[in-house]
Each structure stands twice: as C-alpha cells, then as structure tokens.
Amino acid sequence: MAAITLAATGVAFGTAAASPAVAAQNSQAKASCSGGYFDKNDHPETIIVGQMSFCPYGDKVSVSDMAYDGRSLGLRIDDGSGKYRWCKDTSGADDVWKHCNFNLREGVNVKFRAYQEKKGAKTIWLGTRTLANKN
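Residues numbered from 1 in each chain as written. Predicted model: local features only at pLDDT ≥ 70, side-chain atom pairs only at ≥ 80, totals over all residues. Heavy atoms only, no water.

Take the pattern of salt bridges next. For the structure shown, the criterion picks out four salt bridges. In this structure, the salt-bridge partner of D69 is R71, at a minimum N-O distance of 3.8 Å. Here D69 falls in the partly exposed class, since its relative accessible area comes to 23%. Of the charged contacts, one joins E117 and K122 as a salt bridge, the two residues approaching to 3.5 Å between their closest N and O atoms. Its relative accessible area of 35% is what places K122 among the partly exposed residues. (Salt bridge = Lys/Arg side-chain N within 4 Å of Asp/Glu carboxyl O. Buried < 20%, exposed > 50% of the residue type's maximum accessible area, 1.4 Å probe, protein only.)

Next comes the structure, spelled out in structure tokens:
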C-alpha cells in the first residue's frame, strides 16, 4: 500500500481498493471503485482519521469517520466545473459509511480533499487525492 505524505501538514493519504462492502453498498456492477484512508501525524504516533471510496460508475462517493475525536470527517469534491460538492460523515467513528451520489463531469480527474469539522467549522484540512472519473 503506497502513501503520499504532505510534509507541510503531516497528513498522508494511503491508497487501496474500496472494500467489497462499500462497492456492494454503492450497487457497483463493475469493480472500478478506488479509495483509501486519511491519517494525521500526532507525534509520537500516526492516527487514521477516516477513509473514502469513489466509484466512477454512477459517481458514487463514500466517506467513513474512524477517529474518536468529536469531529466529523468530510470530503470536498472538485471536478473542475467550478462547483464544489460535499460529502460528510457526521455519525462519528461507528463503522458506518456516509454514501453520496453526484453527477460529476465525465472523463476528467476529480480532486477529493478531506477535512475534519467540529461544530460546523472546518478545523483541520487533510490531504488531497486525485482520481480519474472514467467508466
């Protein structure tokens, strides 16, 4: 599993294929989903704060908060159209995925930027991951 670390923030995004459960939940006929986890480096340890999945077939996005820290985990989604989309798990670290369905531009790279939110304020911006939206 590869990880890209952002030195300025100490945040990394690890890549992985979406879990079969998420792909099934997103009603995927194709195994084309991808995703990974977001972590932050709180010295002396690295803490995984959440994970996401993107399924281009149907433009389905899922996010799951994994940190017991009183914050929600969300994604800002940018397909280059000039309009951000948002998907946020507000249920806490309970192993439940928030599923969002969008109509994103086809044939482009889509940027997913994770953030943590507390009481409506985006308090911590995490890493950005770019994935292709091609069926």
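Take the environment of K118 next. Mapped onto the elements, K118 comes out in strand β9 (residues 108-118). Residue K118 is classed as partly exposed on the basis of its relative accessible area, which comes to 37%. Sequence separation of K118 and R71 is 47 residues, and the distance between their C-alpha atoms is 4.8 Å. (Helix = DSSP H or I, 4+ residues; strand = E, 2+ residues; numbered from the N terminus.)

Right, let's get into the confidence of the model for the protein chain. With 75% of its residues at a pLDDT of 70 or more, the protein chain has an overall mean of 79. Low confidence marks residues 1-13, where pLDDT is under 50. Its contacts with residues over four positions away, or in another chain, come to 34 contacts. In this model, residues 26-30 is a region of pLDDT below 50 whose contacts with residues beyond four sequence positions or in other chains number 12 contacts. (pLDDT = per-residue confidence, 0-100. Contact = heavy atoms within 4.5 Å.)

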